Amino acid sequence: MSRKNPFSLFFGMLHAKRVIFGGGTLFQCSTSKRSLIFYICVLRMAQKMKKRTELWANGIGEIGEGRLKKILINTLKRCDRIGVRDEFSFKILKDELGEKEIILEKDLALSLGRATRERAEFLVKKAMRGSEKDFFIVSVKRKMAGDERFELENEIKKEKMKNRVPIFVVCSPNDIFATERAVKRFGGGMLENVTFSDMLGIAPMAKRVISARYHPLVAARASGVEVKAIGKDSKLKEF
């Protein structure tokens, strides 16, 4: 079933018993209002077809005020299950949905197993190119405000002053060019096509994780590693 194809969505739902929104911060306006409208429409369509609708470990972003927010809240009230992955989302929905049960649960990615020690060491050696120095993990994203980029660069410089080497982890294909520019400027290594299991394996070996992306921070916290979140996104606020 393709979310980009309305006919595929319709016929997929037609034969389903329930529709599950699993993980991600789908209900937010930071990407665009069109994204929020799309996911509200998908949810409403499932409800009109009398399907059970469930949210599992979702995130709720900044949605502002006005008519669109009211439509979202009314749609969520009709959900059969609402589970969120962070305190920020939990508070928003508790305030808006009153007596409806909201479940605060761990990110679904944490249900994945940790990569083996051998796999983690292989990835680190690949990125470090044989260097035995301590390293820290950095994840950048393509679009960053000027003050966010300034803060991230300052954090990298602080770690380099401790004689640590950055390993830049690409979390999205959209971030590749921005990551390559950062590697060119600050040195270190780069890892692409890294799974969350890989991140869980690598994170305990790092001295610190600095990230403008969400899941490297989740992996670091699960591993007891110091984190620094860069950005104003609501899902980063808990860090």
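Structure first, text after, so check above.
Calculation notes
Residues numbered from 1 in each chain as written. Predicted model: local features only at pLDDT ≥ 70, side-chain atom pairs only at ≥ 80, totals over all residues. Heavy atoms only, no water. Core = buried A, V, L, I, M, F, W, Y, C linked by side-chain atoms within 4.5 Å. Buried < 20%, exposed > 50% of the residue type's maximum accessible area, 1.4 Å probe, protein only. Helix = DSSP H or I, 4+ residues; strand = E, 2+ residues; numbered from the N terminus. Contact = heavy atoms within 4.5 Å. Phe/Tyr/Trp six-rings, centres within 6.5 Å; stacked < 30°, edge-to-face > 60°. Lys NZ or Arg CZ within 6 Å of the ring centre and 35° of its normal.

K.L.:
Is there a simple way to explain the nonpolar core in this structure?
P.N.:
One recurring pattern in soluble globular proteins is that nonpolar side chains are buried together. Counting residues in each nonpolar core, the largest one holds 29 residues, and the members touching the most others are Phe135, Ile137, Ile167, Leu191 and Ile202. Contributions of two or more residues to this core are made by helix H5 (117-128), strand E5 (135-139), strand E6 (165-169), helix H8 (196-202), helix H9 (214-223) and strand E9 (227-229). Every residue in contact with Leu191, bar those within four places of it in the chain, is listed here: Leu123, Lys126, Ala127, Ile167, Phe168, Val169, Val170 and Ile202. If you look at the next biggest cluster of nonpolar residues, it comprises 26 residues, including Leu9, Met49, Leu72 and Leu97.

K.L.:
Mind showing me how you'd approach the packing of aromatic side chains here?
P.N.:
Taken as a whole, this structure holds 3 aromatic pairs when the rule is applied. Between Phe38 and Tyr39, the ring centres sit 5.0 Å apart and the planes meet at 80°, which makes this aromatic pair edge-to-face. Its relative accessible area of 28% is what places Phe38 among the partly exposed residues. Residue classification places Tyr39 among the buried positions, given a relative accessible area of 14%. Taken together, the aromatic side chains of Phe21, Phe27, Phe38 and Tyr39 make up a single cluster linked through ring pairs. For the cation-ring pair, Arg81 lies above Trp56, with the distance from its terminal atom to the ring centre recorded as 3.4 Å. Between the NZ or CZ atom of Arg85 and the centre of the ring of Tyr214, over which it lies, the distance is 4.1 Å.

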